[in-house]
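# Remarks on the overall topology
Each chain, letter by letter, is given below.
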Amino acid sequence: MELYLLGGLAIHHQGEPLPGFVSRKAEALLAYLAYTGGEHTRLVLADLFWDDRTSAQALGNLRVILSNLRQLAGDHVEISRQSVAWQPGPEVTVD
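For clarity, every value in this text was computed on a predicted model and none was experimentally measured.

### Quick look at the overall build of the protein
- Counting its regular elements, the protein contains three helices and seven strands.
- Helices and strands in the protein line up, N terminus first, as β-β-β-α-β-α-α-β-β-β.
- Taking 2.2 N^0.38 as the reference for a compact globule, 95 residues should give roughly 12 Å; the C-alpha atoms of the protein span a radius of gyration of 13 Å, in line with that estimate.
- If you line up the protein on its principal axes, its C-alpha atoms span 40 × 20 × 20 Å.
- For the protein, the proportion of its 95 residues judged to be buried stands at 39%.
- Summarising the internal contacts of the protein: among those between residues at least 6 apart in sequence, 53% fall at separations of at least 24.
- If you average the places of the 7 positive and of the 11 negative side-chain charges in the protein, the two averages end up 12 Å apart.

### Notes on helix 3 (residues 55-73)
- Over its 19 residues, helix 3 extends 25 Å from the first C-alpha to the last, a length consistent with the 27 Å expected when each residue adds 1.5 Å.
- For helix 3, the set of buried residues is Ala-58, Gly-60, Leu-62, Ile-65, Leu-66, Asn-68, Leu-69 and Ala-73.
- The elements touched by buried residues of helix 3 are helix 1 (24-36), helix 2 (42-49), strand 5 (77-79) and strand 6 (83-86).
- Backbone geometry just downstream of helix 3 places Gly-74 in the positive-phi region, at approximately 50°.

### Details of the sheet that holds strand 2 (residues 10-13)
- Spatial strand order, 3-2-1-7: four strands in an open sheet with mixed pairing. The outermost strands of the open sheet, each flanked by one partner alone, are strand 3 (16-17) and strand 7 (93-94).
- Sheet topology places strand 2 next to strand 3; two bridges connect them, and they run antiparallel. Its bridge partner lying in strand 3, His-12 is registered against Pro-17.

### Focus on the nonpolar core
- Counting residues in hydrophobic clusters, the biggest one holds 25 residues, and the most contacted among them are Met-1, Leu-3, Leu-29, Leu-30, Val-77 and Trp-86.
- Those elements that place two or more of their residues in this core are helix 1, helix 2, helix 3, strand 5 and strand 6.
- Here this core gets six residues from one element, more than from any other, and that element is helix 3.
- Beyond its immediate sequence surroundings of up to four residues, Trp-86 is in contact with Met-1, Leu-3, Leu-30, Leu-33, Ala-34, Gly-37, Gly-38, His-76, Val-77 and Val-92.

Reading the values: the criteria
- Residues numbered from 1 in each chain as written.
- Predicted model: local features only at pLDDT ≥ 70, side-chain atom pairs only at ≥ 80, totals over all residues.
- Heavy atoms only, no water.
- Helix = DSSP H or I, 4+ residues; strand = E, 2+ residues; numbered from the N terminus.
- Rg over C-alpha atoms; globule rule 2.2 N^0.38 Å.
- Buried < 20%, exposed > 50% of the residue type's maximum accessible area, 1.4 Å probe, protein only.
- Contact = heavy atoms within 4.5 Å.
- Lys, Arg positive; Asp, Glu negative; His and termini not counted.
- Charge placed at Lys NZ, Arg CZ, Asp CG, Glu CD.
- Expected span 1.5 Å × (residues − 1).
- Pairing = 2+ DSSP bridges.
- Core = buried A, V, L, I, M, F, W, Y, C linked by side-chain atoms within 4.5 Å.

In structure tokens:
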């Protein structure tokens, strides 16, 4: 997986654009996780991406995106009931 953050967001797998993201926020969340590394609580991520929504709505939106990222990013995103973390690997490039 290659994530190109400079000059516009582009996410590729084996040299080809990775299709299937449910929204631009899903792509942005993957980029945010890869860039920042570490573990983030679901509540903080929901508030970061949907600060104009109630907590319940924001967490619901986050659940949809996390389900999508689980399918697309597989082992690179570790998702628990409380938190989300980026799991880099040797086959991942982030500029």
